[in-house]
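Letter by letter, the chains look like this.
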Amino acid sequence: TLSVWATRRRIAPVTTLANAAEALGRDVNSSTVLPENGPSEIRRAAIAFNTMSTRIRRFVSDRTLMLTAIGHDLRTPITRLKLRAEFIYDDELRTKILAELDEMESMVAATLAFGRDSASNEQVVSLDLRALLQTIMDEAAESYPDKADHLIYESPTTPVRIQARSVALKRALNNLILNAMKYGNSAHVTLIPPSQKREKDRSARIIVEDNGPGLAEDELERVFEPFVRIETSRNRETGGTGLGLSIARTILRAQGGDVRLQNRPEGGLR
């Protein structure tokens, strides 16, 4: 018994370090600070971890601020160019230039939203994931009334309560569902509650499926990169800035979750 107690006491600092590293991996803004005391090796590891986490937070914060500042500063010249474009006599050329400027404006707006989401300090609250998804589906039906029949939601009969940042989570899930509507013309959403019996199934799962063309296997991960759009989606009907999936993954990973894409055997994306 004494040896077990001694072993646990020795590995306790290592367990604390592992938990802190895991928390930092889930949320770069995690405020976990390790106590810088104990044996010299443990103290050096704690100091190194605290220094590293501070530098990572500063790096991410600086990059986010820079990205947001650039996006904000681009608004003024874009507005000036739109005003000047109105004086172009060639109707076809004027229409093309204004369309390009509208696309640039959308990218700037998405960039600013991306920066806001990355720097968000929204508080974690208890919420019903089932009700949140129902709200998103109702709003999607309002946005796409002609496709409302292609919006299907399967939910459990009881509430699914989780701890999350509700505004950011809603934005992430909304991006995924609207992405399915834009490029797949449908969204079949299934909420699977956490299992109370098996440890590995303690997370809630949300499956969003569409009936679109799917993606090449080598594009399934690349589309999560900022501003990446697959060539087939580069048209005026669907629009898009290439930030929707990036924003969704950033938000979900910051809250301890994740998102991935799969091609469905019967066609479309999951």
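Keep in mind the model is a prediction, meaning the values are calculated, not measured. (Residues numbered from 1 in each chain as written. Predicted model: local features only at pLDDT ≥ 70, side-chain atom pairs only at ≥ 80, totals over all residues. Heavy atoms only, no water.)

**Q** Can you break down the sheet that holds strand β5 (residues 205-209) residue by residue, with the values?
**A** In spatial order, the strands read β2-β4-β5; together these three strands make up an open sheet with mixed pairing. Because the sheet does not close on itself, it has two edges, and the strands there are β2 (151-154) and β5. For this sheet, the mean angle separating the axes of adjacent strands, direction not counted, is 10°. Pairing of β2 with strand β4 (residues 187-192) involves four bridges; the strand directions are parallel. Of the residues in β4, the one forming a bridge with Glu154 is Thr190. Against the sheet, helix α4 (residues 129-143) contacts β2, β4 and β5, and its axis sits at roughly 170° relative to β2. (Pairing = 2+ DSSP bridges. Helix = DSSP H or I, 4+ residues; strand = E, 2+ residues; numbered from the N terminus. Axes fitted to C-alpha atoms, helices over the stretch in contact; angles between N-to-C directions. Contact = heavy atoms within 4.5 Å.)

**Q** Now, about the environment of Asn185: what can you tell me, with residues and values included?
**A** Note on placement: Asn185 falls in the loop between α5 (166-184) and β4. By relative accessible area, which is 44% here, Asn185 ends up partly exposed. Separated by 41 residues in sequence, Asn185 and Tyr144 place their C-alpha atoms 9.7 Å apart. For Asn185, the residues in contact, after removing those within four places along its chain, are Lys147, His150 and Ala180. There is a polar contact of 3.1 Å between the side chain of Asn185 and the side chain of Lys147. (Buried < 20%, exposed > 50% of the residue type's maximum accessible area, 1.4 Å probe, protein only. Polar contact = N/O pair within 3.5 Å; in protein donor to acceptor, adjacent residues only side chain to side chain.)

**Q** Talk me through the environment of Ala254; I want residue IDs and the actual numbers.
**A** Of note, Ala254 is situated in helix α6 (residues 244-254). Judged by its relative accessible area of 28%, Ala254 is partly exposed. Between the C-alpha atoms of Ala254 and Ala23, which are 231 residues apart in sequence, the distance is 9.7 Å.

**Q** I'd like a description of the nonpolar core, backed by residues and values.
**A** Ranked by size, the top nonpolar core spans 39 residues in total, and within it Leu129, Leu133, Leu169 and Ile177 carry the most contacts. For this core, the elements supplying multiple residues, two or more each, are α4, β2, β3 (161-164), α5, β4 and α6. Top contributing element to this core by residue count: α5, with nine residues. Those residues within four positions of Leu133 in sequence are excluded, and the remaining contacts are Tyr153, Leu173, Ile177, Val189, Leu191 and Ile206. (Core = buried A, V, L, I, M, F, W, Y, C linked by side-chain atoms within 4.5 Å.)

**Q** Kindly report on α5, identifying the contributing residues and their values.
**A** Over its 19 residues, α5 runs 26 Å from end to end, which matches the ideal 27 Å to within 8%, given 1.5 Å per residue. Taken together, the buried positions of α5 are Ala168, Leu169, Ala172, Leu173, Asn175, Leu176, Ile177, Leu178, Ala180, Met181 and Gly184. Once α5 finishes, Asn185 follows within two positions and takes phi at roughly 60°, a positive value. (Expected span 1.5 Å × (residues − 1).)

**Q** How would you explain α4 if you had to name every residue and give the values?
**A** With 15 residues, α4 ought to run about 21 Å at 1.5 Å a step, and its terminal C-alpha atoms sit 21 Å apart, in line with that. Those residues of α4 that fall on the buried side of the exposure criterion are Leu129, Leu132, Leu133, Ile136, Met137 and Ala140. For α4, the angular spread of buried residues about the axis comes to 135°, placing them on one side. At its buried positions, α4 is contacted by β1 (125-128), β2, β3, α5, β4 and β5. Capping of α4 at its N-terminal end is provided by Asp128; its side-chain oxygen lies 3.1 Å from the backbone amide nitrogen of Arg130. (Arc of directions from axis to C-beta.)

**Q** Describe in detail the packing of aromatic side chains, supporting the description with residues and values.
**A** Summed over all chains, the structure comprises zero aromatic pairs. In this arrangement the basic side chain of Arg249 is found over the ring face of Phe224, its NZ or CZ atom lying 3.8 Å from the centre. (Phe/Tyr/Trp six-rings, centres within 6.5 Å; stacked < 30°, edge-to-face > 60°. Lys NZ or Arg CZ within 6 Å of the ring centre and 35° of its normal.)

**Q** Before we move on, can you summarise the packing of α5 against α6 with the specific residues and values?
**A** In contact at an axis separation of 9 Å, α5 and α6 are set at 145° when each is read in the N-to-C sense. Seen along the crossing, α5 lies across α6 with a hand that is left-handed. On α6, the residues touching Ala168, Leu169, Arg171, Ala172, Asn175, Leu176 and Asn179 of α5 are Gly244, Leu245, Ile247, Ala248, Ile251 and Leu252. Here the residues of the contact of α5 with α6 sort into nine nonpolar, three polar and one charged. (Left-handed = near helix turned anticlockwise from the far one by under 90°. Nonpolar A, V, L, I, M, F, W, Y, C, P; charged D, E, K, R; others polar.)

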